[in-house]
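# A closer look at the structure
One letter stands for each residue in the lines below.
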2 protein chains.
Amino acid sequence: MRDVAIVGVGMTPFGELWESSLRDLFVDAASLALRDAGADHLDAIYVGNMAGGQLVGQEHLGPLMADQLGMRGVPSTRVESACASGGAALRAAFFEVASGASDLVLASGVEKMNDGADVTGVLATAADQEAEVYHGITFPGLYAMIARAHMAAHGTTLEDLAAVSVKNHRHGALNPKAQFKQEVTAEQVMASSMVADPLRLLHCSPVSDGAAAVLLCPLDRAAEFCDKPVKIRASGMATSAMALADRHDPAFLDAVHLAGNRAFDMGKVGPRDIDVAEVHDCFAIAELCVLEALCFTERGLAGEATRAGETTLGGRIPINTSGGLKSKGHPVGATGVAQVIEIVEQLRGEAGARQVKDAVVGLTQNMGGSGASAVVHIFERV
Amino acid sequence: MRDVAIVGVGMTPFGELWESSLRDLFVDAASLALRDAGADHLDAIYVGNMAGGQLVGQEHLGPLMADQLGMRGVPSTRVESACASGGAALRAAFFEVASGASDLVLASGVEKMNDGADVTGVLATAADQEAEVYHGITFPGLYAMIARAHMAAHGTTLEDLAAVSVKNHRHGALNPKAQFKQEVTAEQVMASSMVADPLRLLHCSPVSDGAAAVLLCPLDRAAEFCDKPVKIRASGMATSAMALADRHDPAFLDAVHLAGNRAFDMGKVGPRDIDVAEVHDCFAIAELCVLEALCFTERGLAGEATRAGETTLGGRIPINTSGGLKSKGHPVGATGVAQVIEIVEQLRGEAGARQVKDAVVGLTQNMGGSGASAVVHIFERV
């Protein structure tokens, strides 16, 4: 396999973007990534998107987005793995460059969620239709069950859950691209509207529009496009049962654990080597489960570590310096790529007020559904 | 890049399969492919599917299908490029094996179209939502316009169009997996119900359920799994404008031409070297346009060549020996993979009554929408 680098990044702000259509969002992000690298052509495009068909009546995003970008003719394919679509798009692009088939490949993600569809119902099509959705459950309920299982098994508290939201809003307040740029207190989190007991509104990521794109090329060509290339050191992916009830322990994200181990093995690093990570906090409980699945903390201790400040900027292992899905926003197809952009900016030393000092190795973790699919990438400053 | 071979194939019958769900279809096809190769594990799965979310309320097919197959944990990703989803899934699997990252990768496709959704409306989400669908057009109308443009430019006749259907039904009558196993006459085609002038019912592929899967591995490991491996000699992909009105010549499929040229260049072969091909005859006019775009005939002469029998079994270049989309059926996500299975069976010499004598090099051409995305693969008996 050839070594692969990221040499350009671009993203839209995340939020309720009423003035921009799905295609506008993609073009904005992709153009910024091309400009960042000074690139004027592409060999291929991957578009991560969960539900363009259901949300805005548009499947077949590959050719549409290539054409809208002024790249008619370029091979362009949509990749979908629910909320891990962006991570899966990056992985497909990585293989295409690593194989030697192509040099300049754009990995992107986009979602337009605020245009009127029943978003909660659409998102539920990422759960098991026969075993779960048919009976009426949607994702807030599924993650509430994960939270209850975690509380029962490990003594995790409402204060632990609130600490995740407080931290991520504190980080997001420093991110100009974030949907919510204000801090929240633990009291505000615990007094917000109940969504699915024990999860309240401020434990939940929002409904967002947005797009993100990164440009990949062989590491040995990176200097043509970028002074500060970031190497993709490893890509790990795994799956688990779709239905929560089919898993051995609903409070343990086994696909995340397996994807993480695969990435750590491939990258020849361990959790202690990671300087900064972006993880999939679609709900506050998700961040705690992910920290444990990736062995950033021991099983059952992620809540305590969060309350102790270990995962905040300046802490032992800063998590979600971008604000995470909770504060930055969660346009589901774009999320996995936006996570990568935060890590690239950290490893370039260009994260401004969110900068983690001397960050050399970073990690992204993106997952679909209630964790049935998981993608982990490890990046390195070169 | 490593050389890659196909060492196992499996597909369901295509048709109105009321007793099988989306997941049943996938498991049936994938199990057959694994059994064909004698393989008991996988390194990765790609699932081609256009619209599971809209058709049966199920996105996120990667992990669902891995788990249903008994392969929980295995990386598994859905790839979508409308009716070219199967071809795009094969291409992604090809890159993953070629890169050296994985050895045993399943490329599959599945679609369940007969369960009650507005299929014509769902399929239309593969066209340009803003420029075409919003104004009320669907695919029969788009292909009718392509047909009218081809007739006006090249003198193509209604008899030419009927000859495609007659030939493909003749082939399909020999295929036990085909949805329609009966022959039709030109008179029957031209007397069938008008769908979108000049296209009649028997010019149109049907609404189908079905799945198909092929197992890839490095060529140097192929003998472990298969006595008659088939090498993937080339993969070419291209895009064009989504909206027909944005193309220079609506009667010329420029993405197909470009994808074909890329595959011919990569495979170091030309159209005259192809012994048998499966092409995307979603409507009769599509097969004629594809034959011209791939240079199997001169521009404007595909209708004449079809009426002269050049593309029938025993002719100069047999096209759609499986029966094609018209007669075999067209479960849109599965089609691109089923095309590959027909070519593999031809190159193995296992196509029975449909066998093309001494077939050594075969080609598949799969496209999405009105030709906005196109994937061409070339295969070789080794």
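Residues numbered from 1 in each chain as written. Chains lettered and ligands numbered in written order. Predicted model: local features only at pLDDT ≥ 70, side-chain atom pairs only at ≥ 80, totals over all residues. Heavy atoms only, no water.

## Some thoughts on the overall build of chain A
Regarding its fold elements, chain A presents 13 helices and 11 strands. The globule rule puts the C-alpha radius of gyration for 382 residues at 21 Å, and the 19 Å found for chain A is close to it. The principal-axis extents of the C-alpha atoms in chain A amount to approximately 55 × 45 × 35 Å. Within chain A, the fraction of its 382 residues that count as buried is 68%. Taking the intrachain contacts of chain A between residues at least 6 apart in sequence as the baseline, contacts between residues at least 24 apart amount to 78%. Between the averaged position of the 30 positive side-chain charges in chain A and that of its 46 negative side-chain charges there is a distance of 4 Å. (Helix = DSSP H or I, 4+ residues; strand = E, 2+ residues; numbered from the N terminus. Rg over C-alpha atoms; globule rule 2.2 N^0.38 Å. Buried < 20%, exposed > 50% of the residue type's maximum accessible area, 1.4 Å probe, protein only. Contact = heavy atoms within 4.5 Å. Lys, Arg positive; Asp, Glu negative; His and termini not counted. Charge placed at Lys NZ, Arg CZ, Asp CG, Glu CD.)

## Some points on the pattern of salt bridges
Counted according to the given criterion, the structure contains 48 salt bridges over all chains. Residue Arg23(A) is joined to Glu130(B) by a salt bridge in which the shortest nitrogen-to-oxygen separation is 3.4 Å. Highlighted residues: Arg23(A) in helix H1 (residues 22-37) and Glu130(B) in the loop between helix H5 (119-123) and helix H6 (139-154), drawn from two different chains. Residue Asp3(B) is joined to Lys231(B) by a salt bridge in which the shortest nitrogen-to-oxygen separation is 3.9 Å. Within this pair, whereas Asp3(B) is found in the segment before strand S1 (4-11), its partner Lys231(B) is found in strand S8 (residues 230-239), the two being separated by 228 residues in sequence. Overall, the relative accessible area of 41% leaves Asp3(B) in the partly exposed class. Through salt bridges with shared partners, a single ionic network connects Arg2(A), Asp103(A), Arg221(A) and Glu224(A). (Salt bridge = Lys/Arg side-chain N within 4 Å of Asp/Glu carboxyl O.)

## Re the relation of the copies chain B and chain A
Here chain B sits on chain A after a turn of 180° about the axis and a move of 0.0 Å along it, with an RMSD of 0.0 Å. Those values place the two copies in the arrangement expected of a two-fold rotation axis. Residues of chain B ranked by C-alpha distance from the rotation axis are headed by Ser99(B), positioned 1.8 Å from it. (Least-squares fit on C-alpha atoms with pLDDT ≥ 70 in both.)

## Considerations on the interface of chain B and chain A
In this complex, chain B contributes 57 residues to the contact, which on the side of chain A involves 57 residues. Linking chain B with chain A are eight salt bridges. Here Glu80(B) makes a salt bridge to Arg78(A), at a shortest N to O gap of 3.0 Å. Sorting the residues of the side of chain B that touches chain A by element identifies helix H2 (52-56), helix H3 (61-68), strand S3 (76-80), helix H4 (85-99), S8 and helix H9 (254-267) of chain B as the ones contributing at least two each. In terms of residues, the side of chain B that touches chain A owes the most to one element, H4(B), which gives six residues. Classifying every residue of the side of chain B that touches chain A gives 26 nonpolar, 19 polar and 12 charged. One ladder, built from three bridges, connects strand S3 (residues 76-80) of chain A with S3(B); its direction is antiparallel. Along S3(B), the bridge assignment pairs Glu80(A) with Arg78(B). (Nonpolar A, V, L, I, M, F, W, Y, C, P; charged D, E, K, R; others polar. Pairing = 2+ DSSP bridges.)

## Side note on the packing of aromatic side chains
Residue and element names in this part refer to chain A. All chains considered together, the criterion is met by six aromatic pairs over all chains. Measuring from ring centre to ring centre gives 5.8 Å for Phe94 and Phe95, while their planes differ by 45°; the resulting arrangement is tilted. Assigned by exposure class, Phe94 and Phe95 land together as buried. Ring plane angle 40° and centroid distance 6.5 Å describe the contact between Phe139 and Tyr143, whose orientation is recorded as tilted. With a gap of four residues between them, Phe139 and Tyr143 both fall in helix H6 (residues 139-154), about one helical turn apart. Across the pair, exposure class does not vary: Phe139 and Tyr143 are buried alike. (Phe/Tyr/Trp six-rings, centres within 6.5 Å; stacked < 30°, edge-to-face > 60°.)

## Details of the pairing of strand S11 (residues 373-381) of chain A
If a strand is regular, its side chains alternate between the two faces of the sheet. Residue and element names in this part refer to chain A. With eight of nine residues buried, S11 lies mostly within the body of the structure. With nine bridges joining them, strand S8 (residues 230-239) and S11 adopt antiparallel strand pairing. Paired with Ala238 across the bridge in S11 is Ala374. For strand S10 (residues 361-368) and S11, the ladder comprises eight bridges, and the chain directions are antiparallel. Bridge assignment links Leu363 to a residue of S11, and that residue is Ile378. In this structure, the hairpin formed by S10 and S11 is closed by a connection of four residues, where Gly369 is found at a positive phi of approximately 65°.

## Brief notes about the environment of Thr157(B)
Residue and element names in this part refer to chain B. With respect to the helices and strands, Thr157 occurs in the loop between H6 and helix H7 (158-172). Sequence-wise, Thr157 and Val4 are 153 residues apart; in three dimensions their C-alpha atoms are separated by 42 Å. If near-sequence neighbours (up to four positions away) are discounted, Thr157 is found in contact with Met151 and Arg307.

## Quick notes on the packing of helix H1 (residues 22-37) of chain B against H3(B)
Residues and elements named next belong to chain B. Here H1 crosses H3 at 60°, and the two axes come no closer than 9 Å. Relative to H3, H1 is oriented oblique. Crossing hand, H1 versus H3: right-handed. Residues Leu22, Arg23, Phe26 and Val27 of H1 form the contact with H3, whose own contacting residues are Leu61, Leu64, Met65 and Gln68. When the residues that make up the contact of H1 with H3 are grouped by side-chain class, the tally is six nonpolar, one polar and one charged. (Axes fitted to C-alpha atoms, helices over the stretch in contact; angles between N-to-C directions. Parallel < 35°, antiparallel > 145°, perpendicular 65-115°, else oblique. Left-handed = near helix turned anticlockwise from the far one by under 90°.)

## Details of the confidence of the model for chain A
Mean pLDDT over chain A stands at 98; residues scoring 70 or higher make up 100%. Here the predicted complex scores 0.98 on pTM and 0.98 on ipTM. (pLDDT = per-residue confidence, 0-100.)

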